[in-house]
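Now for the letters of each chain:
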Amino acid sequence: MTTLKSQLQEDLTEAIRARDELRSSTLRLTLTAVSKEEVAGEQARALSDDEVQKVIAREAKKRREAAEAFAQAGRDEQAQRERAEGEVLAAYLPQPLTEEELRELVAQAIAEARTAGAEGPRAMGAVMKIVNPRVAGRAEGGRVAAVVKQLLAAG
């Protein structure tokens with residue numbers, strides 16, 4: 001079974017052979033971020049696929065934010081490059097949740113939190129605690145929080 005990191009390395013080698021500059025530079029930067037994460041603690045260790053996925057998600061988010069910043073500054077060429085790099089990384093991430101799937105997961109979490117006795121403003125934290133592990137890597141925190149607020153208000 002190949003790990004996500006070794007898959008990234010194989011894809012990097014392939015991209016270099018194919019002279020795909022965009023893919024190879026994106027994967028090289030991502031592997032560097034993974035390596036930094038591996039030596040970040042008190043002792044070096046290999047990351048699990050979930051941890052590697054979190055690094056990839058963080059890198060993809062950086063690309064999205066950079067693309068927005070470049071677009072707002074009128075630097076369309078750089079914005080396009082960042083978006084393209086984000087698309088390369090998106091291939092390694094789980095499919096994002098649709099609005100409907102997210103609302104369903106949040107509704108279930110609200111029901112669970114209420115059975116546990118969480119009501120009112122305190123329910124927000126309880127619901128987020130339940131829903132976050134279920135949506136990990138498949139929806140951004142801000143988007144999740146917005147749906148939780150919306151459904152709690154409608155409650």
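The structure we're discussing is the one just above.
Everything numeric here is computed off the predicted structure, so don't read it as measured data. Sequence order as written defines residue numbering, which begins from 1 separately in each chain. Since the coordinates come from a predicted model, pLDDT governs what is reported: local features require at least 70, and pairs of side-chain atoms require 80 or more to be given and counted, while whole-chain, interface and lining totals use all residues. Hydrogens and waters are ignored; side-chain quantities use all the structure's heavy atoms.

**Student:** I tried to follow the packing of helix H1 (residues 4-17) against helix H2 (residues 21-38) on my own but got confused; where do I start?
**Tutor:** In a pair of packed helices, the angle between the axes and the distance between the axes together describe the arrangement. In this description, a line fitted to the C-alpha atoms serves as the axis of each element, helices being fitted only across the stretch in contact, and the angle between N-to-C directions of two axes falls anywhere from 0 to 180 degrees. Under the DSSP-based scheme used, a helix requires at least four consecutive residues in state H or I and a strand at least two consecutive residues in state E, with every element numbered from the N terminus. Viewed as axis vectors pointing N to C, H1 and H2 meet at an angle of 150°, and their least axial separation amounts to 9 Å. Comparing the axis directions of H1 and H2 gives the class roughly antiparallel. The way H1 lies across H2 gives a crossing that is left-handed. Taken together, the residues of H2 that come into contact with H1 (itself represented by Lys 5, Leu 8, Gln 9, Asp 11, Leu 12, Ala 15 and Ile 16) are Arg 23, Ser 24, Leu 27, Arg 28, Thr 30, Leu 31, Val 34 and Glu 38. An angle below 35 degrees is read as roughly parallel, one above 145 as roughly antiparallel, one from 65 to 115 as roughly perpendicular, and any other as oblique. Crossing handedness is read from the near helix: turned anticlockwise from the far helix by less than a right angle, it gives a left-handed crossing, and turned clockwise, a right-handed one. When checking whether two residues touch, look at their non-hydrogen atoms; a contact exists if any pair is within 4.5 Å.

**Student:** Help me understand helix H5 (residues 99-115) in this model?
**Tutor:** Residues spaced three or four apart along an α-helix face the same direction, because each turn holds 3.6 residues. Given a rise of 1.5 Å per residue, 17 residues ought to cover 24 Å, and the 24 Å separating the end C-alpha atoms of H5 matches this to within 8%. Buried residues of H5: Leu 102, Leu 105, Val 106, Ala 109, Ile 110 and Ala 113, and no others. Looking straight down H5, one finds that the buried residues subtend no more than 140° of arc, so they occupy a single side. Opposite its buried face, H5 presents the exposed residues Glu 100, Glu 104 and Thr 115, each directed more than 90 degrees away. In this fold, the buried residues of H5 make contact with helix H6 (122-135) and helix H7 (141-154). Multiply 1.5 Å by the residue count of a helix minus one, and that product is the helix's expected span. Summary of the burial criterion: residues with accessible area below 20% of their type's maximum are buried, those above 50% are exposed, and those between are partly exposed, where the area comes from a 1.4 Å probe applied to protein chains only. It is the directions from the helix axis to the C-beta atoms whose arc is reported.

**Student:** So what exactly am I meant to see when it comes to the nonpolar core here?
**Tutor:** Buried together is how nonpolar side chains tend to be arranged in soluble globular proteins. Ranked by internal contacts, the top residues of the largest apolar core, which has 19 residues, are Leu 102, Val 106, Val 127, Val 131, Val 135, Val 144 and Val 148. Taken together, the elements giving at least two residues each to this core come down to H5, H6 and H7. Residues in contact with Leu 102, not counting those within four places in the same chain, are Leu 97, Val 135, Ala 139, Arg 143, Val 144 and Val 147. By nonpolar core we mean a set of buried residues, namely Ala, Val, Leu, Ile, Met, Phe, Trp, Tyr and Cys, connected to one another through side-chain atoms within 4.5 Å. Among the nonpolar cores identified, the runner-up in size contains 16 residues, and Leu 4, Val 55, Leu 89 and Tyr 92 belong to it.

**Student:** Help me out: how do you make sense of the pattern of salt bridges in this one?
**Tutor:** It is possible for side chains bearing opposite charge to pair when their charged atoms get close. Basic side-chain nitrogens of Lys or Arg form a salt bridge, by our definition, when they fall within 4 Å of a carboxyl oxygen of Asp or Glu. According to the stated counting rule, one finds eleven salt bridges in the structure shown. Here Arg 63 and Glu 82 are joined by a salt bridge, their closest N and O atoms 4.0 Å apart. Taken together, the residues span a long stretch of sequence, with Arg 63 in helix H3 (residues 49-72) and Glu 82 in helix H4 (residues 76-90) at a distance of 19 residues. A single burial state applies to Arg 63 and to Glu 82, both of which are buried.

**Student:** Would you mind going over unusual backbone geometry with me for this structure?
**Tutor:** Note on backbone geometry: most residues besides glycine have negative phi, and most peptide bonds are trans. The backbone of Arg 19 shows a phi angle near 55°, a positive value even though the residue is not glycine. Here Arg 19 shows up in the loop between H1 and H2.

**Student:** Help me out: how do you make sense of the layout of surface pockets in this one?
**Tutor:** Unoccupied space between atoms shows up once a probe the size of one water molecule is rolled over them. Space inside and on the surface of the protein is sampled on a 1 Å grid over the protein atoms alone, with a cavity defined as a set of points where a 1.4 Å probe fits but cannot get out and a pocket as an open set with protein on both sides within 12 Å along at least 5 of 7 lines; lining residues have an atom within 4 Å of a point. Grid points are joined across faces, edges and corners, and a volume is the space filled by probe spheres set on the points. As a volume, the largest pocket reaches approximately 730 Å³. In terms of lining, the largest pocket is formed by 23 residues, of which the most central are Ala 57, Gly 137, Arg 138, Ala 139 and Glu 140. The element best represented in the lining of the largest pocket is H3, accounting for eight residues. Along the lines of polarity and charge, the residues of the lining of the largest pocket split into nine nonpolar, six polar and eight charged. Note on residue classes: Ala, Val, Leu, Ile, Met, Phe, Trp, Tyr, Cys and Pro are nonpolar, Asp, Glu, Lys and Arg are charged, and everything else, Gly too, is polar.

**Student:** Sorry if this is basic, but what is going on with H7 here?
**Tutor:** Counted at 1.5 Å a residue, the expected span for H7 with its 14 residues is 20 Å, and the 20 Å between its end C-alpha atoms agrees. Contact partners of the buried residues in H7: H5 and H6.

**Student:** So what exactly am I meant to see when it comes to the side chain of Thr 30 here?
**Tutor:** Mapped onto the elements of the fold, Thr 30 is located in helix H2. Whenever a nitrogen or oxygen atom comes within 3.5 Å of another N or O atom, the pair is scored as a polar contact, on the condition that within protein one atom can donate a hydrogen and the other can accept it, and that pairs from neighbouring residues in sequence are kept only if both atoms are in side chains. One polar contact links the side chain of Thr 30 to the main-chain carbonyl oxygen of Thr 26, over a distance of 2.8 Å. Every residue in contact with Thr 30, bar those within four places of it in the chain, is listed here: Leu 8, Val 55, Ile 56, Glu 59 and Leu 89.

**Student:** Help me understand the environment of Asn 132, please; the structure alone is not making it clear to me.
**Tutor:** With respect to the helices and strands, the residue Asn 132 is situated in helix H6. The sequence separation of Asn 132 and Leu 22 amounts to 110 residues, and the corresponding C-alpha distance is 32 Å.

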